[in-house]
Structures are given as C-alpha cells and as structure tokens.
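What follows is the residue order along each chain.
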Amino acid sequence: MGIADKAKNTAQDLAGKAKEALGDAKNDDELKAEGKTDQTKASAKQAGENVKDVFRS
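These numbers were taken from a predicted model, which means no experiment stands behind them.

Draft legend 1. Inspection of the pattern of salt bridges at higher detail. In total, this model carries 6 salt bridges according to the counting rule given. As a salt-bridge pair, Arg56 and Asp53 come within 3.6 Å of each other at their nearest N and O atoms. One end of the pair, Arg56, and the other, Asp53, are both in helix H2 (residues 29-56), 3 residues apart, so they sit about a helical turn from each other. Sharing partners across several salt bridges, the network here consists of Lys6, Asp53 and Arg56.

Draft legend 2. Geometry of the packing of helix H1 (residues 3-26) against H2. Contact geometry for H1 and H2: axes closest at 7 Å, N-to-C directions at 160°. Classed by the angle they form, the pair H1 and H2 counts as roughly antiparallel. The crossing of H1 and H2 is left-handed. Considering only residue class, the contact of H1 with H2 consists of 3 nonpolar, 7 polar and 15 charged.

Draft legend 3. The arrangement of a nonpolar patch on the surface in detail. Side chains of Val51, Val54 and Phe55 sit close together on the surface and give an oily, nonpolar patch of about 350 Å² of accessible area. Tracing the backbone through its elements, the reader meets Phe55 in helix H2. Relative accessible area serves as the criterion here: at 70%, Phe55 is assigned to the exposed category.

Draft legend 4. Molecular detail of the side chain of Asp38. When you line up the elements, Asp38 lands in helix H2. Taking the relative accessible area as the measure of exposure, Asp38 reaches 15% and is therefore buried. Discounting chain neighbours no more than four positions away, the residues touching Asp38 are Gln12, Gly16 and Lys19.

Criteria and cut-off values
Residues numbered from 1 in each chain as written. Predicted model: local features only at pLDDT ≥ 70, side-chain atom pairs only at ≥ 80, totals over all residues. Heavy atoms only, no water. Salt bridge = Lys/Arg side-chain N within 4 Å of Asp/Glu carboxyl O. Helix = DSSP H or I, 4+ residues; strand = E, 2+ residues; numbered from the N terminus. Axes fitted to C-alpha atoms, helices over the stretch in contact; angles between N-to-C directions. Parallel < 35°, antiparallel > 145°, perpendicular 65-115°, else oblique. Left-handed = near helix turned anticlockwise from the far one by under 90°. Nonpolar A, V, L, I, M, F, W, Y, C, P; charged D, E, K, R; others polar. Patch = residues over 30% accessible without salt bridge, like charges linked within 9 Å, V, L, I, M, F, W, Y side chains within 5 Å. Areas by Shrake-Rupley, 256 points an atom, 1.4 Å probe, with all protein chains shown as cover. Buried < 20%, exposed > 50% of the residue type's maximum accessible area, 1.4 Å probe, protein only. Contact = heavy atoms within 4.5 Å.

Structure follows, in structure tokens:
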C-alpha cells in the first residue's frame, strides 16, 4: 500500500469530519455518528499503514 492509500485514508477522514460538522449544524445525531465512524475507520486504516511502513524499513 502506498501514497494512494494514505491519500484515500486522509480523504475519508476529512469527509467524516465534514459529515460530523454538518450533522452538528443540522442537529442530526445520525449524520454526526456516521462522520465519527468514518473518521474512526480512516484512523484504523492509517494505523495499519504505519505498521506496514515500520516493517518495510
């Protein structure tokens, strides 16, 4: 996995933050929760990428 995967993870994190902010602004708890879930998934994927990078070195 490389730079493209890291970019996708970052994009997913940013999308999650946007969803969370929109949910907060609209007082939509479901949308807010989706945003937090997206951020968590992106963080987990990024952690996996970081572990792979350590073992590649």
